[in-house]
Amino acid sequence: MAAAAAVVRPHRLPSLTGMRFAAAASVFAFHASFAGFLADTTAQRRLADALSKAGWVGVSFFFVLSGFVLTWSARPADSTRRFWRRRLAKIYPSHLVTALAAFALLAATGAALRPGEVTANVLLVQSFFPQPDMYVSGNPVSWSLSCELLFYLAFPLLWRALRALPARGLWPLAAALAAAVTALPAAVALLPATPALALPDGTTGQWQYWLLYVFPPVRAAEFVLGMTLARIVREGHWHGPRPLPAAALLGAGYALATQLPYLAGLVAATIVPIALLIGALAHADATGRPTRLAAPALVRLGEVSFALYLVHRLVLIHGHRALGQRAFTTPVALLVLAAAFAASLLLAALLHHAVEKPAMRLFAAPAKHRTKTPRARAKHSSRQSATRATCRDETPFLARADRSQNPEILARSTAEGPKGGER
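A quick note: this is a predicted structure, and the numbers were derived from the prediction, not measured. (Residues numbered from 1 in each chain as written. Predicted model: local features only at pLDDT ≥ 70, side-chain atom pairs only at ≥ 80, totals over all residues. Heavy atoms only, no water.)

What follows concerns the overall build of the chain. In terms of helices and strands, the chain carries 17 helices and four strands. In the chain, 81% of the contacts between residues at least 6 apart in sequence involve partners at least 24 apart. Here the chain displays about 19,000 Å² of accessible surface, and carbon together with sulfur accounts for 67% of that area. (Helix = DSSP H or I, 4+ residues; strand = E, 2+ residues; numbered from the N terminus. Contact = heavy atoms within 4.5 Å. Areas by Shrake-Rupley, 256 points an atom, 1.4 Å probe, with all protein chains shown as cover.)

As structure tokens, then:
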């Protein structure tokens, strides 16, 4: 017989928020490595080789983390419409601003804008088209938001199915999803390798790359893996490694990815370490043992990671164009790239505070709270602080205790009371 339901203090996950910044920085580093800033071809090649898998790892991390955080913070009595409204309020205003900026910058260079590309970008459906000119048009990184939009639309149904799964099936499901992601490159390799598609770190078939890496339904396996991990950690079934060994496994997976055939090096070699690292960091935070990634400065940087992801490619592309597409000596090039990263952070902070947060306040809050003054909202927030928690910027949830819940989390919540969390 199940134990009587009781309120358990939910836990924030600051280490995962700090890790978000590391993932966004890795995507920046990947794109910077082939942007053409270095005149020394040997140094350019070594930098590109060292960072050749950083972008792929960063995006995969975001997909798994997205499923994890949405499940961790799921509201027991939420409605599908309210959930969709919050998620659209989170991603769409910032996407629209950066997409319009990208097309305006392209128009300023004299490039012809194709109505189909603009429309697909604005509607976030560009990743459903196999043509590279379509899914990397406008702001090139926004193809991943097309995937995220599908995840959000499917989440209520996926969450309903996952909740019905007995606890004993969680680890087998996680293993099956990881195995599917790992095996997929071998299946995709059976597709024609023509036309060829040249990428920064190799060449593969256009159809192979699109189906394996860009097509949203395929990437949904990583999202569902994150959802499954969230239930595993939240319900006390985590038996994986601690954060440091998990990070070491990710390093080994990264090294392996550089040696595998191209398609296998995109996601397959690192999906298991990524999943283990996310689970390990979440478990450490939830049981009162946050890592150094939970440092306040890293948490604040993690909070702007979504905006950083959106703006950094535009800074690299159009910043380099403003410099006349010049290549520099290695020390100067590194300084220029550091300046580009700083500029990206500043623009990300502006986008986060001027667009992302106001949109969340305006559209994500319940209707009865949208017209409140800042003082009234603050008062309401303080009254709810005892039962509210946020995983980075996700919506709060009120956990219910049952027989399967993590005894470590429950014991620490009861003994220690509220913990400091993310800003």
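Let us look at the environment of P93. By the element assignment, P93 lies in helix 4 (residues 80-108). In this structure the C-alpha to C-alpha distance between P93 and M360, which are 267 residues apart in sequence, comes to 9.3 Å. When near neighbours in sequence (up to four residues on either side) are disregarded, P93 contacts L88, V355 and A359.

Trans is the common state for peptide bonds, and a negative phi is the common state for residues other than glycine. In this model, T194 is joined to P195 through a cis peptide bond whose omega is -5 degrees. For P195, the position within the fold is in the loop between helix 8 (170-188) and strand 2 (196-199). Phi angles above zero are rare outside glycine, and L124 is one such case at about 55 degrees. Of note, L124 is situated in the loop between helix 5 (115-123) and helix 6 (132-135). For Q325, which is not a glycine, the phi torsion comes out positive at approximately 55 degrees. Looking at the secondary structure, you find Q325 in the loop between helix 14 (305-322) and helix 15 (330-364).

Take the nonpolar core next. One recurring pattern in soluble globular proteins is that nonpolar side chains are buried together. Residues F68, W143, Y209, Y213 and L266 are the most contacted members of the largest nonpolar core, which totals 98 residues. The dominant element in this core, judged by the number of residues it contributes, is helix 3 (residues 54-72), at 13 residues. When near neighbours in sequence (up to four residues on either side) are disregarded, F68 contacts L13, L16, G226, M227, L229, A230, V233, I278 and A282. (Core = buried A, V, L, I, M, F, W, Y, C linked by side-chain atoms within 4.5 Å. Buried < 20%, exposed > 50% of the residue type's maximum accessible area, 1.4 Å probe, protein only.)

Packing of helix 8 against helix 10 (residues 216-234) brings their axes to within 9 Å, and their N-to-C directions diverge by 155 degrees. Taken as axis vectors, helix 8 and helix 10 run roughly antiparallel relative to one another. Considering only the axes of helix 8 and helix 10, their crossing is left-handed. Mapping the contact onto sequence places L170, W171, L173, A174, L177, V181 and L184 in helix 8 and V218, A221, E222, V224, L225, T228, R231 and I232 in helix 10. When grouped by side-chain class, the residues that make up the contact of helix 8 with helix 10 number 12 nonpolar, one polar and two charged. (Axes fitted to C-alpha atoms, helices over the stretch in contact; angles between N-to-C directions. Parallel < 35°, antiparallel > 145°, perpendicular 65-115°, else oblique. Left-handed = near helix turned anticlockwise from the far one by under 90°. Nonpolar A, V, L, I, M, F, W, Y, C, P; charged D, E, K, R; others polar.)

Let's shift gears to the packing of helix 14 against helix 15. Where helix 14 meets helix 15, the axes come as close as 8 Å, and the angle between the chain directions of the two elements is 135 degrees. Taken together, helix 14 and helix 15 sit at an angle that is classed as oblique. You can see that helix 14 and helix 15 cross each other, and the crossing is right-handed. On helix 15, the residues that touch F306, A307, L308, L310, V311, H312, V315 and L316 of helix 14 are L337, A340, F341, A343, S344, L345, L347, A348, L351, H352 and E356. A per-class count over the contact of helix 14 with helix 15 returns 15 nonpolar, three polar and one charged.

Going residue by residue along strand 2, you find L197 and L199 tucked away on one face and A196 and A198 left uncovered on the opposite face. Across four bridges, the pairing between strand 2 and strand 3 (residues 202-205) is antiparallel. Bridged to A196 within strand 3 is G205. The antiparallel pairing of strand 2 with strand 3 creates a hairpin that spans two residues between the two strands. (Pairing = 2+ DSSP bridges.)

Here the focus is the side chain of S142. With respect to the helices and strands, S142 occurs in the loop between helix 6 and helix 7 (143-164). With a relative accessible area of 1%, S142 lands in the buried category. When near neighbours in sequence (up to four residues on either side) are disregarded, S142 contacts H95, N121, L124 and Q126.

For the rest of this paragraph, the subject is helix 2 (residues 41-50). Given 3.6 residues to a turn, an α-helix orients residues that are three or four positions apart in the same direction. Those residues of helix 2 not exposed but buried are A43, Q44 and A48. The buried residues of helix 2 occupy an angular sector of 130 degrees when the element is viewed end-on, so they sit on one face. Check the buried side of helix 2 and you find it contacts helix 1 (14-33) and helix 15. One side-chain oxygen of the residue at the start of helix 2 lies 2.9 Å from the amide nitrogen of T42, identifying that residue as D40. (Arc of directions from axis to C-beta. Polar contact = N/O pair within 3.5 Å; in protein donor to acceptor, adjacent residues only side chain to side chain.)

Turning our attention to the pattern of salt bridges. Applying the stated rule across the entire model yields seven salt bridges. E117 is the partner of R114 in a salt bridge, and the nearest nitrogen-oxygen pair spans 3.4 Å. For E117, a relative accessible area of 14% corresponds to the buried category. The salt bridge partner of E222 is R219, with a shortest N-O separation of 2.6 Å. Taken together, the residues E222 and R219, both in helix 10 and three residues apart, mark about one turn of the helix. By relative accessible area, E222 is classed as buried at 2%. Connected through salt bridges with shared partners, the residues D78, R82 and R86 form a single ionic network. (Salt bridge = Lys/Arg side-chain N within 4 Å of Asp/Glu carboxyl O.)

With that settled, consider the confidence of the model for the chain. Per-residue pLDDT for the chain has a mean of 87; in total, 83% of the residues score no lower than 70. Contacts of residues 1-10 to residues separated by more than four positions or lying in other chains number 20 contacts, the stretch itself having pLDDT below 50. pLDDT under 50 marks residues 383-423. Its contacts with residues more than four places away, or in other chains, come to 101 contacts. (pLDDT = per-residue confidence, 0-100.)

This paragraph deals with the packing of aromatic side chains. Counted under the stated rule, the structure contains 22 aromatic pairs. Seen in terms of ring centroids, W56 and Y213 are 4.9 Å apart; in terms of plane orientation they differ by 80 degrees. Their pairing is edge-to-face. Of this pair, W56 sits in helix 3 while Y213 sits in helix 9 (residues 206-214), and the two are 157 residues apart along the sequence. Aromatic side chains Y135 and Y209 sit 6.4 Å apart centroid to centroid with 35 degrees between the ring planes, which places their arrangement in the tilted category. With Y135 in helix 6 and Y209 in helix 9, this residue pair connects regions lying 74 residues apart in the sequence. Here Y135 and Y209 have matching classes, each one buried. Here R87 stacks its cationic end above the ring of Y152, 4.9 Å away from the centre of that ring. Between the NZ or CZ atom of R219 and the centre of the ring of Y213, over which it lies, the distance is 4.3 Å. (Phe/Tyr/Trp six-rings, centres within 6.5 Å; stacked < 30°, edge-to-face > 60°. Lys NZ or Arg CZ within 6 Å of the ring centre and 35° of its normal.)

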